[in-house]
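Below are the chains, spelled out letter by letter.
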Amino acid sequence: MQPAERDLSSLLRSEELAQRIAKLVHRLASELAQRGRKTVKLMNFCGTHEWTTVHYGIRSLMPPTVELVAGPGCPVCITPSYCVENAIELALDGVTVYTFGDAYKLPAVRRVRGARSLAEAKAQGGNVKVVYSFLDAVKHARASGRESVFLAIGFETTAPSYALSLSRGDVPSNLKLLTALRLTPPAARHAILATIERGLEPVSGIIAPGHVSTIVGAEPWDRLAKELKLPAVVSGFEPVDLLVSISILLEMILGGVSGARIEYTRLVTWNGNALAKKLIGEVFETVDSHWRGLGLIAASGLELGGPYKAYDAYDAYGLKKVEEREDSLSGCKCPEVIMGLAKPIECPLFMKVCTPSKPYGPCMVSSEGTCAIWARFGGGGLADKVAATLELGG
Ligand code: SF4
């Protein structure tokens with residue numbers, strides 16, 4: 001890290017600055033309350049925002065009228081069960097299945113020949129390899145020459161790396177992609193509308209994901225926010241970033257402003273990364289896609305298109321990608337957790353049957369999963385310390 005970056009990083013974690021902005025948040029919330037706005041619900045759509053919220057105790061700094069909830073922001077958590085089941089089947093049939101570590105223990109709803117995850121498939125002799133990058137899988141598959149599949153899970157942030165390798169012709173023909181690539185704005189819309197449809201406290205503002213927005217820009221959030229008549233702020237990931245974003249959202253609510261603002265100006269622009277978006281458009285097609293826990297969402301996924309369909313594992317192996325049954329594990333509240341309708345601690349299995357070392361549901365697997373974050377950092381510890389230090393009553 002360069003000295004300037006180090007200075008910025010420590011500034012964005014400064015307790016004094018956090019204290020000042022937290023006081024501003026309290027003042028704005030009190031103005032809203034005086035105008036009759038009793039509750040404000042702000043939803044994030046990125047596992048890293050939830051991590052910052054929990055790790056730094058941001059919830060403990062909020063006035064009682066401001067609620068921070070986590071929406072669908074973890075790509076592993078929403079990967080359909082059929083995707084995992086197909087990967088297990090292929091691995092047990094001897095095809096080399098490459099995966100990132102965070103999907104290795106991702107549980108399927110249905111056991112496949114006794115295995116519920118790729119970890120269990122490997123324990124049974126299945127051919128599973130954990131890799132750190134798609135390029136590692138490309139190199140390994142080329143060297144081995146064996147039939148291989150890469151479990152390509154992710155949001156808009158991940159898609160450009162696949163698109164770049166494919167468009168350059170770097171991917172050997174023996175390596176196929178089992179894709180579960182998803183687009184976040186349609187899922188955010190789905191989750192926000194779900195709270196209204198269920199007659200619950202509606203979402204008042206969007207904390208838009210910083211990483212995804214480095215690719216897509218703030219413009220899709222602006223469109224969504226204007227459609228739903230809400231404010232949205234594309235936020236960075238340090239605690240001060242998040243507090244500033246919350247204060248901007250409250251100011252926008254006070255002013256009756258809808259549309260998007262960018263807090264994360266050091267990396268996000270209005271129109272995003274033109275080259276990455278062009279590559280995605282060349283290699284993938286936008287399709288209606290299934291999200292585990294959320295169901296089918298229109299125009300919310302990416303599938304290989306045109307000449308790149310030759311790399312589609314679903315086509316190459318005749319795999320099914322339609323979710324035809326209930327996609328939730330018995331007793332697991334992940335569908336509600338993913339939609340921001342329940343907290344992990346409201347799941348009776350949380351930290352009893354389901355723990356980070358032995359996850360039962362998908363939200364406990366990845367470091368971006370809400371249950372995994374709450375299990376590792378929720379309550380006590382740093383959260384209480386930060387709240388005590390800030391002495392918000394002053
Ligand atoms: S604690 Fe486990 S079982 Fe409960 S909702 Fe979270 S992931 Fe699912």
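Residues numbered from 1 in each chain as written. Predicted model: local features only at pLDDT ≥ 70, side-chain atom pairs only at ≥ 80, totals over all residues. Heavy atoms only, no water.

Student: Provide a residue-level description of the site of the ligand, including the pertinent values.
Tutor: Around the ligand lies a shell formed by Cys-332, Lys-333, Cys-334, Cys-347, Leu-349, Phe-350, Cys-354, Tyr-360, Gly-361, Cys-363, Met-364 and Cys-371. Here the residues of the shell around the ligand sort into ten nonpolar, one polar and one charged. (Near = heavy atom within 4 Å. Nonpolar A, V, L, I, M, F, W, Y, C, P; charged D, E, K, R; others polar.)

Student: Describe the nonpolar core, and please don't skip the residues or the numbers.
Tutor: Core analysis: the largest hydrophobic core is formed by 78 residues, its most contacted members being Ile-88, Leu-118, Leu-151, Leu-178, Ile-206, Trp-221 and Leu-294. A total of eight residues in this core trace back to one element, the largest contributor, which is helix 4 (residues 81-92). Of the residues that make up this core, three or more belong to each of domain 1 (3-75 + 185-271 + 383-390) and domain 2 (81-183 + 273-317). Other than its neighbours up to four places away in sequence, Leu-178 contacts Cys-83, Asn-86, Ala-87, Val-149, Phe-150, Leu-151, Ala-152, Ala-313, Tyr-314 and Leu-319. (Core = buried A, V, L, I, M, F, W, Y, C linked by side-chain atoms within 4.5 Å. Buried < 20%, exposed > 50% of the residue type's maximum accessible area, 1.4 Å probe, protein only. Helix = DSSP H or I, 4+ residues; strand = E, 2+ residues; numbered from the N terminus. Domains from an automatic or database assignment. Contact = heavy atoms within 4.5 Å.)

Student: Give a detailed account of unusual backbone geometry, specifying residues and quantitative values.
Tutor: One non-glycine residue with positive phi stands out, namely Lys-229, at about 55°. Within the element layout of this structure, Lys-229 appears in the loop between helix 10 (219-228) and strand 8 (231-234). Exposure remark for Lys-229: the relative accessible area of 67% places this residue in the exposed category. Despite not being glycine, Ala-299 shows a phi value in the positive range, around 50°. Within the secondary structure, Ala-299 sits in strand 11 (residues 295-304). Look at Ala-299 and you get partly exposed, because its relative accessible area is 38%.

Student: Tell me about the environment of Val-287, and please be specific about residues and values.
Tutor: Looking at the secondary structure, you find Val-287 in strand 10 (residues 284-291). Setting aside chain neighbours within four positions, we find Val-287 in contact with Ala-299, Ser-300, Gly-301, Leu-302 and Glu-303.

Student: Provide a residue-level description of the packing of helix 3 (residues 47-55) against helix 15 (residues 370-377), including the pertinent values.
Tutor: With their axes 10 Å apart at the nearest point, helix 3 and helix 15 run at an angle of 20° to one another. The pairing of helix 3 with helix 15 is recorded here as roughly parallel in orientation. For the crossing formed where helix 3 meets helix 15, the hand is right-handed. Facing helix 3, whose interface residues are Gly-47, Glu-50, Trp-51, Val-54 and His-55, helix 15 presents Thr-370, Ile-373, Trp-374 and Phe-377. Considered class by class, the residues forming the contact of helix 3 with helix 15 number five nonpolar, three polar and one charged. (Axes fitted to C-alpha atoms, helices over the stretch in contact; angles between N-to-C directions. Parallel < 35°, antiparallel > 145°, perpendicular 65-115°, else oblique. Left-handed = near helix turned anticlockwise from the far one by under 90°.)

Student: Please provide a residue-by-residue account of the pairing of strand 1 (residues 40-44), values included.
Tutor: Burial analysis of strand 1 places five of its five residues in the buried class, the great majority of the element. Alternating positions in strand 1 separate into two faces, Val-40, Leu-42 and Asn-44 on one and Lys-41 and Met-43 on the other, with burial throughout. Relative to strand 2 (residues 66-70), strand 1 runs parallel, the two sharing five bridges. Across the sheet, the residue bridging to Leu-42 is Leu-68, located in strand 2. Handedness of the β-α-β unit built from strand 1, helix 3 and strand 2 comes out right-handed. (Pairing = 2+ DSSP bridges. Right-handed = clockwise from strand over helix to strand, strands pointing away.)

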